[in-house]
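Remarks on the overall topology
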Amino acid sequence: HKGRQSQPYPLVVEAGKAIVRYLKEVRPECSYRELFINILAPRRPVTRKNLYRLVADRMKRLGIKSSPHQGPHALRHCRFRKSRPIETVALAGFG
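The sections below set out a description of the structure shown in this document. From a predicted model like this one, the values you see are computed outputs, not experimental measurements.

Quick word on helix α2 (residues 48-62)
An ideal rise of 1.5 Å per residue puts 21 Å on 15 residues; α2 measures up with 21 Å between its terminal C-alpha atoms. Listed in full, the buried residues belonging to α2 are V55, R58 and M59. The buried residues of α2 occupy one face: seen down the axis, they fall within an arc of 100 degrees. The exposed residues of α2 that point more than 90 degrees off its buried face are K49, R53, K60 and R61. G63 sits one or two residues past α2 and shows a positive phi near 75 degrees.

Shown next, in the form of structure tokens:
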């Protein structure tokens, strides 16, 4: 399923626990149903553009070359290529 269609992916237990912890301890209270909300005001959902910039910046700081894939999509590819363990990405500020 390419394009903007939803794709279900399995969620490992650790990721599920991290999301629950985020929802209980970190996520700002607001009326939005989206999972990720800006921590700083204005409180609104994180946009694709902002997420892309965050991931691309962190990968650049880690020296991860992901071309042709950039941004969040590149995380999946760099993990499968085992060029950098996902734990390293988490320690760089994603986790």
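Digging into the side chain of R27
In this structure, R27 sits in the loop between α1 (13-26) and α2. Buried charged residue R27 carries no salt bridge. Nearest counter-charge: E34, at 5.8 Å. At 2.7 Å, the side chain of R27 and the backbone oxygen of E34 are in polar contact. Within the structure, the side chain of R27 is placed 3.0 Å from the backbone oxygen of L35, a separation counted as a polar contact. Contacts of R27, omitting those with residues within four sequence positions, involve Y22, Y32, R33, E34, L35 and I37.

Considering a nonpolar patch on the surface
Together, F36, V46, L51 and L54 give the surface a local cluster of nonpolar side chains, amounting to about 310 Å² of exposed area. Mapped onto the elements, L51 comes out in helix α2. Judged by relative accessible area, L51 falls into the partly exposed class, the value being 37%.

Overview of the environment of Y32
Topologically, Y32 is positioned in the loop between α1 and α2. For the pair Y32 and P45, spaced 13 residues apart in the sequence, the C-alpha separation amounts to 7.1 Å. Excluding residues that lie within four positions of it along the chain, Y32 makes contacts with R27, I37, R43, R44 and P45.

Calculation notes
- Residues numbered from 1 in each chain as written.
- Predicted model: local features only at pLDDT ≥ 70, side-chain atom pairs only at ≥ 80, totals over all residues.
- Heavy atoms only, no water.
- Helix = DSSP H or I, 4+ residues; strand = E, 2+ residues; numbered from the N terminus.
- Expected span 1.5 Å × (residues − 1).
- Buried < 20%, exposed > 50% of the residue type's maximum accessible area, 1.4 Å probe, protein only.
- Arc of directions from axis to C-beta.
- Lys, Arg positive; Asp, Glu negative; His and termini not counted.
- Salt bridge = Lys/Arg side-chain N within 4 Å of Asp/Glu carboxyl O.
- Polar contact = N/O pair within 3.5 Å; in protein donor to acceptor, adjacent residues only side chain to side chain.
- Contact = heavy atoms within 4.5 Å.
- Patch = residues over 30% accessible without salt bridge, like charges linked within 9 Å, V, L, I, M, F, W, Y side chains within 5 Å.
- Areas by Shrake-Rupley, 256 points an atom, 1.4 Å probe, with all protein chains shown as cover.

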